[in-house]
Amino acid sequence: MEKAMNSQTITFNSPLESGLRLVGLLTKAYPITYDIQRLVILDYFVVHTGDLGGPESLHAALPMRSKELLVRRKLIESGLLLMMSRNLIERIVSPEGISYAAGEMSETFLNALTSPYLQRLLERAQWVVDNFGIMNDELLKSTTRKFFDDWVEEFHTIQQSLGVQ
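Residues numbered from 1 in each chain as written. Predicted model: local features only at pLDDT ≥ 70, side-chain atom pairs only at ≥ 80, totals over all residues. Heavy atoms only, no water.

## A short note on the overall build of the protein
Here's step 1: Counting secondary structure elements, the protein contains six helices and four strands.
Here's step 2: Counting from the amino terminus, helix and strand elements in the protein follow one another as β-β-α-α-α-β-β-α-α-α.
Here's step 3: Split into buried and exposed, the 165 residues of the protein put 41% on the buried side.
Here's step 4: Pairs at least 24 residues apart make up 67% of the contacts formed inside the protein by residues separated by at least 6 positions.
Here's step 5: For the protein, the exposed surface amounts to about 9600 Å²; the carbon and sulfur share of it is 55%. (Helix = DSSP H or I, 4+ residues; strand = E, 2+ residues; numbered from the N terminus. Buried < 20%, exposed > 50% of the residue type's maximum accessible area, 1.4 Å probe, protein only. Contact = heavy atoms within 4.5 Å. Areas by Shrake-Rupley, 256 points an atom, 1.4 Å probe, with all protein chains shown as cover.)

Next comes the structure, spelled out in structure tokens:
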């Protein structure tokens, strides 16, 4: 999604923005680490907290936004690579697999940024970590499944309104 602003174009969901959300999530969760699948889900939750009964969503509530979960992984991977290259996120390899943690300078970096958008992002990251960060995998999957069910329902509604069967 793009938004024009003072003759500049700001691209939402770029690797930079995704990386900032990941740094925020991992910093708020520290010392907990997350694998990439959990990061995909939690990142979606940070952007759409209003859909979960939390604070107002970070981004506008667009129709069929639940399908974002289907394409978010590549964006998360790009954001992770960008922030790891700046030592703001660490990759941890263990017998259980690969997970990610906040880097040594992540909190200092975030404290140096003062934009209202970043402050809202960090508030939502804290809310997501508090409400979903340590949720077991099965409960997290069932919460996520609701978004897919909503997407299927939205898709069928659009098909019906277009007369497609």
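From this point, the discussion proceeds with the structure in view.
## A look at the pattern of salt bridges
Here's step 1: Under the definition given, this model contains seven salt bridges.
Here's step 2: Note that R72 is salt-bridged to D43, the shortest N-O span being 2.6 Å. A residue pair is termed long-range when its members are at least 10 positions apart, and R72 in helix 3 (residues 68–85) and D43 in helix 2 (residues 36–47) qualify at 29 residues.
Here's step 3: Given a relative accessible area of 3%, R72 falls into the buried group.
Here's step 4: With a relative accessible area of 0%, D43 lands in the buried category.
Here's step 5: Note that E77 and R73 form a salt bridge whose closest N and O atoms lie 3.2 Å from each other. Here R73 and E77 lie together in helix 3, a separation of four residues that amounts to about one turn.
Here's step 6: Accessibility expressed as a relative area gives 32% for E77, which makes it partly exposed.
Here's step 7: Of the residues examined, R73 reaches a relative accessible area of 37% and is grouped as partly exposed.
Here's step 8: Here the salt bridges share partners, and the residues they tie into one network are E17, R21, D43 and R72. (Salt bridge = Lys/Arg side-chain N within 4 Å of Asp/Glu carboxyl O.)

## Notes on the environment of L80
Here's step 1: Within the secondary structure layout, L80 lies in helix 3.
Here's step 2: The exposure class assigned to L80 is buried, which follows from its relative accessible area of 2%.
Here's step 3: Spatially, the C-alpha atoms of L80 and V23 are 8.6 Å apart, while their sequence positions differ by 57 residues.
Here's step 4: In contact with L80, not counting residues within four places along its chain, are L22, I36, L39, I89 and Y100.

## Remarks on the nonpolar core
Here's step 1: Ranked by internal contacts, the top residues of the largest apolar core, which has 36 residues, are L39, F45, L80, I89, Y100, V128 and F132.
Here's step 2: Elements with a minimum of two residues in this core: helix 1 (15–29), helix 2, helix 3, strand 4 (97–102) and helix 5 (116–132).
Here's step 3: Excluding residues within four positions of it along the chain, F132 makes contact with R38, L42, F45, L52, W127, L140 and T143. (Core = buried A, V, L, I, M, F, W, Y, C linked by side-chain atoms within 4.5 Å.)

## Digging into the packing of helix 2 against helix 5
Here's step 1: Between helix 2 and helix 5, the shortest axis-to-axis distance is 9 Å and the interhelical angle comes to 125°. Classed by the angle they form, the pair helix 2 and helix 5 counts as oblique. Note that helix 2 runs across helix 5; the crossing there is right-handed. When helix 2 is examined against helix 5, the residues R38, L42, F45 and V46 are found in contact with a partner set consisting of L121, R124, A125, V128 and F132.
Here's step 2: Among the residues forming the contact of helix 2 with helix 5, the class breakdown is seven nonpolar, no polar and two charged. (Axes fitted to C-alpha atoms, helices over the stretch in contact; angles between N-to-C directions. Parallel < 35°, antiparallel > 145°, perpendicular 65-115°, else oblique. Left-handed = near helix turned anticlockwise from the far one by under 90°. Nonpolar A, V, L, I, M, F, W, Y, C, P; charged D, E, K, R; others polar.)

Function cannot be read off these values alone, since they describe shape.
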